[in-house]
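Residue-level structural notes
Chain by chain, the residues run as shown.
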Amino acid sequence: MIMMRLSLDNKRKLNIGALDGGKALKLVISFFKAVFLICMCFVVLYPILYMVSMALRTSEDLHNPTVIWIPMHFTLENFKDVFELMHYPKVFFNTLSMSLLGTLLNVSVCACTAYGLARFEFKINKLIFFLCIFTIIVPVQCISTPLYLQFRNFDFLGIGSLIGLITGKNLTVNLLDTYGTMLIPAALGQGLRSGLFIYIFQQFFRGIPRELEEAANIDGCSIPKTFISVMVPNAKSAIISCVLFSFVWYWNDYYTTNLFFTDTFSLNGALAALTDTLRSNGLNSWEDPYLVVTRMQAGCLLVITPMLIVYMVLQKQFTESIDRTGLVG
């Protein structure tokens with residue numbers, strides 16, 4: 001009996017030791033995970049923290065070597081000056097309206113196109129889908145020249161040339177410096193990243209059971225009504241993902257807007273021209289780098305702040321839509 005009690009006590013001690021060792025290992029793993037996540041968060045947030053720190057500094061803080069992150073003298077003069085130099089209300093309204101209209105057209109047309117490619121079989125179905133995917137690969141810089149010439153002398157479907165044969169003068173329209181340069185491609189399925197959105201919607205529609213459409217057809221729904229009443233509500237997660245991505249890409253677009261607009265139209269264009277604006281106001285960036293460094297960072301914050309607010313408000317919906325849609329990378 002004594003030997004049996006001793007063996008039971010030894011087993012209990014071994015089990016307790018194993019449990020303590022397991023807890024210690026879990027604590028060590030949790031500690032390294034926390035350190036890794038903190039380091040990654042710092043790497044991701046470093047640019048924003050740097051911009052905030054620099055934008056709130058005065059000239060004395062910028063030239064003070066003891067000031068690393070937290071300024072000794074906070075100021076909002078940089079934001080005030082940049083707000084006026086960038087004509088922020090005007091360019092903000094331009095960027096917002098273009099982003100909203102472009103996103104609405106882009107997502108709507110891509111969803112309709114993807115539904116047709118996913119549910120209807122015809123001879124050039126695969127060819128059209130291949131061309132849509134091909135638009136993802138081709139950078140906009142390769143087609144910028146023909147796009148510019150097309151919008152400089154816009155002749156829709158050759159109607160202007162046909163009138164020219166009769167009247168002797170081609171009827172063309174100059175669409176540069178107008179919303180048409182951004183909205184017409186979006187309405188025709190060639191907006192920013194339209195090929196990617198068509199691919200996302202097509203894969204999503206293929207995963208929806210055909211029985212839902214057959215039931216709608218039995219109830220007397222036409223194809224457009226089936227799409228609006230059945231497919232669109234079921235594609236809510238894909239729509240949210242594409243809307244958010246499209247809005248951000250239109251908002252952050254710099255190359256296309258500066259290609260078609262000669263005037264400072266968008267926030268990114270105004271930010272790019274901020275250095276020249278400072279010099280035109282008699283401020284030499286080489287003699288006083290404080291004005292360029294702090295005000296450029298203040299301008300960057302004014303550009304990205306709306307997107308940060310949108311993400312914070314729609315963070316839950318965005319993460320859920322990404323998870324349901326199956327987007328990775």
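Residues numbered from 1 in each chain as written. Predicted model: local features only at pLDDT ≥ 70, side-chain atom pairs only at ≥ 80, totals over all residues. Heavy atoms only, no water.

Here the focus is the environment of F129. Structurally, F129 is set in helix α5 (residues 125-137). Measuring from C-alpha to C-alpha, the distance between F129 and L117 comes to 7.1 Å, with 12 residues separating the pair along the chain. (Helix = DSSP H or I, 4+ residues; strand = E, 2+ residues; numbered from the N terminus.)

Okay, the confidence of the model for the protein next. Per-residue pLDDT for the protein averages 80, and the proportion of residues at 70 or more is 83%. By mean pLDDT, helix α17 (residues 315-325) is the weakest element of the protein at 66, and helix α4 (residues 88-119) is the strongest at 90. (pLDDT = per-residue confidence, 0-100.)

Taken together, the side chains of F42, V43, V44, L45, Y46, L49, Y50, I68, W69, I70 and F74 define a hydrophobic patch exposed on the protein surface, amounting to about 1100 Å² of accessible area. Mapped onto the elements of the fold, Y50 is located in helix α1 (residues 2-55). (Patch = residues over 30% accessible without salt bridge, like charges linked within 9 Å, V, L, I, M, F, W, Y side chains within 5 Å. Areas by Shrake-Rupley, 256 points an atom, 1.4 Å probe, with all protein chains shown as cover. Salt bridge = Lys/Arg side-chain N within 4 Å of Asp/Glu carboxyl O.)

With that settled, the discussion passes to helix α12 (residues 236-252). For α12, which comprises 17 residues, the first-to-last C-alpha distance of 24 Å matches the rise-based estimate of 24 Å (1.5 Å per residue) to within 8%. Considered for burial, the residues of α12 that qualify are S237, A238, S241, C242, L244, S246, F247, Y250 and W251. (Expected span 1.5 Å × (residues − 1). Buried < 20%, exposed > 50% of the residue type's maximum accessible area, 1.4 Å probe, protein only.)

All right, on to unusual backbone geometry then. The backbone phi angle of H87 is positive, close to 50°, even though this residue is not glycine. Secondary-structure assignment places H87 in the loop between α3 (77-85) and α4. According to the relative accessible area criterion, H87 is exposed, its value standing at 53%. One non-glycine residue with positive phi stands out, namely D177, at about 65°. Within the secondary structure layout, D177 lies in the loop between α7 (159-167) and α8 (180-187). Residue D177 is classed as partly exposed on the basis of its relative accessible area of 36%.

Right, let's talk about the pattern of salt bridges for a bit. Across all of its chains, the model carries 2 salt bridges by this definition. Residue E213 is joined to R119 by a salt bridge in which the shortest nitrogen-to-oxygen separation is 2.6 Å. In this pair, E213 sits in helix α10 (residues 210-218) while R119 sits in helix α4, placing the two residues 94 residues apart along the sequence.

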